[in-house]
Structure formats: structure tokens, C-alpha cells
Amino acid sequence: MTAPSHHAYVPFVSVHNMMRLVLHVGIERVLVDLAAEIAADFLRWPAFDKTPRVASHSDVGVIELMPTSDGQTYGFKYVNGHPSNMKQGLQTVTAFGLLADVATGYPLLLSEMTILTALRTAATSAMAAKWLAPAGATTMALIGNGAQAEFQALAFKAICGVAQVRLYDIDPAATRKCAANLRGYGLGVVSCATAEEALLGAQIITTVTADKQYATILTDNMVGPGVHINGVGGDCPGKTELHRDILLRSAIFVEYPPQTRIEGEIQQLDADHPVTELWQVMAGQAPGRTDARQITLFDSVGFAIEDFSALRYVLGKLRDTGFCEQLDMIADPDDPRDLFGMLLRAA
Ligand SMILES: NC(=O)c1ccc[n+]([C@@H]2O[C@H](COP(=O)([O-])OP(=O)(O)OC[C@H]3O[C@@H](n4cnc5c(N)ncnc54)[C@H](O)[C@@H]3O)[C@@H](O)[C@H]2O)c1
């Protein structure tokens, strides 16, 4: 049997290699780099194919495909969201993704994306807050202390200059885990017994809880003027975190309106409620925060372009680090029409 041609091999970044790569570069450096990578793609937003993600819902969760292309490179992510998984010792969110060459359709990269999603979500949140949060914000309430939480805390530290995080989770064990993991990063960490306590003195509020229902993590009376809300956990039909009245008082910024209107906090509002696309703020085409008393809300659901940027970043890093394996993934016979012959010759 002859060895596969070099076209057969696709670089594959396993969980093991993703962890090596992130620790080699440094977690905060990766978050800063990813925010820059995502910002660069948001600034060329019109160049991308865009579609709301394709979702398959069940009673307990959702499985989604998130495709996009800039005409040269195509990418997609497979991701699930199953809030009940945690009780079985499983992750709420897992993911993997692929980049491919548009010219041939051949894959360029296959990668784990559970860790990469946590990193890119946090980098996107902090990137948005750089544009929208009140000037000089240094304290962030972090409600929901599960898998995504530490990534959010470190992204806001590295990208926005947040110096103190105030943690709250309905499960105190999650808060203990998060506080312990954040030790040694130079962040002030305060563990709180209630969501109200977590909000004390916070100029930024991140909600990153998981529950498949219309939850009310924040009620209207909890949110004072001038804060920035980074709403991460409301990302599915029937799964929100904020009371509707907060939305009615906020200037709302979103990734891709056709997807966010289905999945985000704004599913609670009329279909024509005004929202601003974040990329337009970044491109100078729409205003961001306009006054110090305004409540700004980044209604984050996660969009395919963020995953595309993150995968491209990882592919670029492989050239220097080699943290990947070569997968024999594409059947590529020497004579492209002799796929059957290739199979017979393997006997
Ligand atoms: N917007 C995005 O791009 C994006 C990306 C990834 C994940 N998410 C979403 O972020 C959320 C968190 O993901 P995760 O992987 O950290 O999940 P996780 O299950 O690991 O953690 C969620 C935490 O929320 C806590 N929680 C649940 N209800 C709460 C409440 N009422 N008050 C306070 N805490 C509460 C749970 O105890 C748990 O510790 C999920 O809803 C997920 O779908 C969004």
C-alpha cells in the first residue's frame, strides 16, 4: 500500500495541543491576540457570507452549525449547548471546527474548539466592552461562574483594564472554583453571596449563566445608570438572562441581527426594536456609548466570524509552534478519478 499524498493530510489540533499552544503563548496574550484578530474581521464585515446558525433543538439543549466564508477561506463550527449536562459531569458547551480553502474545498485545519470557544467568546466580550463600557471601568460583576467565567475575567483584565471581579453563582462551589483559578493573575476577586452583592460598585456586569429557560438573572431595579452589560448566557430561543424592562432602558449592540433576534435577549422585544451592529460602531459608521448615564448592552450570542478569526489565528500559530498532528483525512488518489482503484489497492 502506498502512503497517502500530502494532500490527504489535514493539521488537527487536539485538546492536548490546544492547551499546549495556549499555555505556550500565554492565556492573556492569546485573548489580546484573538480580540485583535476578531476586530480585524469585524472591520471587513461586508466581505463575509453571513447566515444565522443552523440550530437543531431538543428539550434539553441545542446542536448548532456556524458557517461563514470570506471568499478565500471557508469555516464552520459545530457547537452544542446543554445546560443539564453539568449534572452528569459533562460540559455544557463543546465544539470543534474546520477551515477550508475555497479554491479547492480541501480542508486546511481541523481543531478542537471547546477551549477556543471560551477564549474567543471572552475576547469578543472584552472587545465590545472596549467600545461600549464607561470610561475608566475597573470593577466587573461576573454572574455565572462555570466553564466560561475565568476566560471572561482574564479577557476583561487584559483588554479593558478591569482590576476587580465580583463573583456570584447559585452554586457556591462554582464560585469557589472560579476564585481559586483566578488566584495569581493580579485580579482582585470578591466572592459574593447574592447577585445584588456582586453588582455593588460594578461598572461592567457580565452574565454568563446556563439554564434552558427565560431566566431573570438581572431584574430592572438591579441595574443603575451608566453600566455596561455583557450578556453572554442568553443565546438560544427560550433561553435569556435579563428582564425585558432592562432591555427597554438600554442601548443594545449585537453581532448579526438576523441571528440575535432569534437567539439573544432581544427575542423578548418587537422584531423591529432598534439595535446597533457592533461592527458598525467599530468601523465608525454608528455611535457607541453616547453618554455617561446610558446603559449599554452587548447582547452576545456568538457569531461564526468570531470562530473563523479564532481558527485562522490557530492555523497561523501552527507554523511557529507545530502543536498539531497530521490527520489522514482526505481521500486523494494519484489519479483523481480512480477512487475505487485506491480502495482496491489498500486490500
Ligand atoms: N454568547 C456566546 O458567544 C457564548 C459562548 C459560549 C457559551 N455561551 C453561553 O454561556 C453560558 C455559560 O456557559 P458555561 O460553559 O460557562 O456553562 P456552565 O454550565 O459551565 O456554567 C454556568 C453556570 O451558571 C450557573 N447558574 C445557572 N443559573 C444561575 C443563576 N440563576 N444565577 C447564577 N448562576 C447561575 C451554574 O451554576 C453554572 O455554574 C451558557 O448559557 C452558554 O450557552 C455563550
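Within every chain, residues take consecutive numbers counted from 1 along the sequence as written. Only residues with pLDDT of at least 70 are given local features in this predicted model, and only at 80 or more are side-chain atom pairs given and counted; all residues enter the totals for whole chains, interfaces and linings.

An unreviewed UniProt entry lists the protein chain under the name Ornithine cyclodeaminase, with Fertoeibacter niger given as the organism.

For the rest of this paragraph, the subject is the pairing of strand E3 (residues 62-69). Burial is judged by counting other C-beta atoms within 10 Å of a residue's own C-beta: 20 or more means buried, 12 or fewer means exposed, and anything between counts as partly exposed, with every C-beta placed from the backbone. Only DSSP runs of H or I with at least four residues qualify as helices, and only runs of E with at least two residues qualify as strands; both kinds are numbered from the N terminus onward. The alternating pattern of E3 places Val62, Glu64, Met66 and Thr68 on a buried face and Ile63, Leu65, Pro67 and Ser69 on a face that is not buried. Pairing of strand E2 (residues 54-57) with E3 involves four bridges; the strand directions are antiparallel. The partner of Ala55 across the bridge, within E3, is Glu64. In short, DSSP must find at least two bridges between two strands for them to pair. The antiparallel pairing of E2 with E3 creates a hairpin that spans four residues between the two strands. Inspection of the sheet shows E3 paired to strand E4 (residues 73-81) by eight bridges, in the antiparallel sense. In the strand pairing of E4, Val62 is matched with Gly81. Counted between consecutive antiparallel strands, the loop separating E3 from E4 contains three residues, among which Gly71 sits at a positive phi close to 95°.

Here we come to the nonpolar core. As used here, a nonpolar core is made of buried Ala, Val, Leu, Ile, Met, Phe, Trp, Tyr and Cys residues. They are joined through C-beta atoms within 7 Å. By size, the foremost hydrophobic cluster in this structure holds 89 residues, and its most contacted members are Leu31, Ala123, Ala126, Ala155, Phe156 and Ile204. Where each domain starts and ends follows an automatic or database-derived domain assignment. Of the residues that make up this core, three or more belong to each of domain 1 (6-115 + 305-345) and domain 2 (128-303). Throughout, a residue-residue contact means that the two C-beta atoms, derived from backbone geometry, are no farther apart than 7 Å. Each residue touching Ala123, except ones within four places of it in the same chain, is listed here: Leu31, Leu34, Ala35, Ile38 and Ala155.

Before going further, it helps to examine the domain arrangement of the protein chain. Entries for the protein chain in the domain assignment read domain 1 (6-115 + 305-345) and domain 2 (128-303). Taking only C-alpha atoms into account, the centre of domain 1 sits 26 Å from that of domain 2. Counting from both sides, the interface comprises 22 residues of domain 1 and, opposite them, 21 residues of domain 2. Of all the secondary structure elements, the ones that give two or more residues to the side of domain 1 that touches domain 2 are helix H2 (27-42) and helix H10 (304-321). For the side of domain 1 that touches domain 2, the element with the highest residue contribution is H2, accounting for seven residues. Partitioned by chemical class, the residues of the side of domain 1 that touches domain 2 number 14 nonpolar, four polar and four charged. Side-chain classes are defined by residue name, with Ala, Val, Leu, Ile, Met, Phe, Trp, Tyr, Cys and Pro counting as nonpolar, Asp, Glu, Lys and Arg as charged, and the others, Gly among them, as polar.

The subject of this paragraph is the sheet that holds E3. Strand order in this open sheet of seven strands is E2-E3-E4-E5-E6-E1-E17, and the pairing throughout is mixed. In the strand order of this sheet, the two ends are held by E2 and strand E17 (325-328), each with one partner. Each strand axis lies, on average, 20° off the axis of its neighbour in the sheet, ignoring direction. Sheet analysis places E4 next to strand E5 (residues 95-101), joined by seven bridges and oriented antiparallel. Opposite Thr73, over in E5, you have Asp101 as the bridge partner. Orientation is described by axes fitted as lines to C-alpha atoms, over the contacting stretch for helices, and by angles from 0 to 180 degrees between their N-to-C directions. Where helix H3 (residues 114-132) meets the sheet, its contacts fall on E4, E5 and strand E6 (107-112), and the angle it forms with E6 comes to roughly 90°.

Below, the discussion takes up the site of the ligand. Any residue whose C-beta atom, as placed from the backbone, lies within 6 Å of a molecule or strand is termed near it. Around the ligand sit 29 residues in total, of which Thr92, Gly146, Ala147, Gln148 and Gly302 are the nearest. Of all the secondary structure elements, the ones that give two or more residues to the shell around the ligand are H3 and strand E11 (214-218). Here the shell around the ligand is built from residues that sort into 13 nonpolar, twelve polar and four charged. Both of domain 1 (6-115 + 305-345) and domain 2 (128-303) provide at least three residues apiece to the shell around the ligand.

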